[in-house]
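Each chain is listed here by its residues.
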Amino acid sequence: MNMDDKLFNYYLELKNPEAGEWNTSPQCIHTELITRDYVRKEFTVTDGIKVCNVGIGTGDWDDYLGFWLKGKGHLTSIDINKDICEIFAYRQFREGHPNPSKVICKSIFDNEITNEKFDIVTLIGSAVKETGGFERCLDSCFNLLNIGGYLMFMANLKYSSLEMLEGYLKRSSYQLVKKNLYEAFPEYPFFICKIKK
């Protein structure tokens with residue numbers, strides 16, 4: 001299958017019966033709005049800023065970050081799934097994204113993910129759960145950060161408890177700068193934290 005056919009299938013899958021109901025739901029739209037607004041309000045885009053997102057998924061978050069950084073900063077997106085990485089990079093190319101992401105197809109647990117260090121690392125949605133190792137995933141995200149850099153961690157409370165995060169932080173030298181809890185939709189409660197290395 002050529003890349004254009006793969007891209008067409010990608011677009012169709014966003015609206016298939018399994019994904020479409022969630023992707024068009026008020027809960028999903030609310031979560032996206034809050035998360036995008038959070039990064040916009042809590043972080044300042046400066047010349048040369050380097051941001052990394054862990055876990056591409058559909059790539060919508062990465063697209064947004066690229067637009068947010070446009071003209072000043074650079075985005076790197078990391079995912080272990082070769083197909084996700086391939087279609088995301090190709091989609092950004094075909095859509096003409098003005099600040100496309102540098103895509104790295106590796107495990108977050110790979111010691112040699114990249115030699116780069118970042119000012120901000122984002123870890124959102126189900127990414128931490130999908131790695132299968134809560135603390136190990138956070139360790140890897142902090143390893144990607146410059147000293148003084150920030151981790152923006154957003155997750156569903158049903159899959160990642162705040163107690164787990166707070167316990168992890170107590171055993172570390174990292175500083176919880178801000179913690180927000182969102183329960184407008186009780187069936188999808190989530191939190192966003194800003195943590196300084």
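Just above, that's the structure.
These lines cover the structure that appears in this document, whether it is placed above or below. Residue numbers restart at each chain and count upward from 1, following the sequence in its written direction. Totals for whole chains, interfaces and linings use all residues, but because this is a predicted model, local features are given only for residues with pLDDT of at least 70 and pairs of side-chain atoms are given and counted only at 80 or more. Think of the side-chain values as coming from all heavy atoms in the structure, minus any hydrogens and water.

Here we take up helix H4 (residues 60-69). Here H4 lies mainly inside the structure; eight of its 10 residues are buried. Those residues of H4 not exposed but buried are Trp61, Asp62, Asp63, Tyr64, Leu65, Gly66, Trp68 and Leu69. Here the buried face of H4 lies against helix H3 (26-42), strand E1 (50-54), strand E2 (74-79), helix H5 (82-95), strand E4 (118-123) and strand E5 (145-156). Secondary structure follows DSSP: runs of H or I at least 4 residues long count as helices, runs of E at least 2 residues long count as strands, and numbering of each begins at the N terminus. With its phi angle positive at about 90°, Gly71 sits one or two positions after the end of H4. Relative accessibility decides the category of a residue: with a 1.4 Å probe and only protein chains considered, values under 20% of the type maximum give buried, values over 50% give exposed, and everything between is partly exposed. When checking whether two residues touch, look at their non-hydrogen atoms; a contact exists if any pair is within 4.5 Å.

A few words now on the packing of aromatic side chains. Aromatic rings from Phe, Tyr and Trp, with only the six-membered ring used for Trp, were paired whenever their centres fell within 6.5 Å, and each pair was classed as stacked if the ring planes differed by under 30 degrees, edge-to-face if by over 60, and tilted otherwise. Under the defined criterion, the tally for this structure stands at 12 aromatic pairs. On the numbers, 5.1 Å between centres and 45° between planes, the contact of Trp22 with Tyr188 is tilted. One end of the pair, Trp22, is in helix H2 (residues 17-23); the other, Tyr188, is in the loop between strand E6 (175-182) and strand E7 (190-196), with 166 residues separating them in the sequence. Overall, Trp22 belongs to the partly exposed group, its relative accessible area being 37%. On the accessibility criterion, Tyr188 (17% relative accessible area) is buried.

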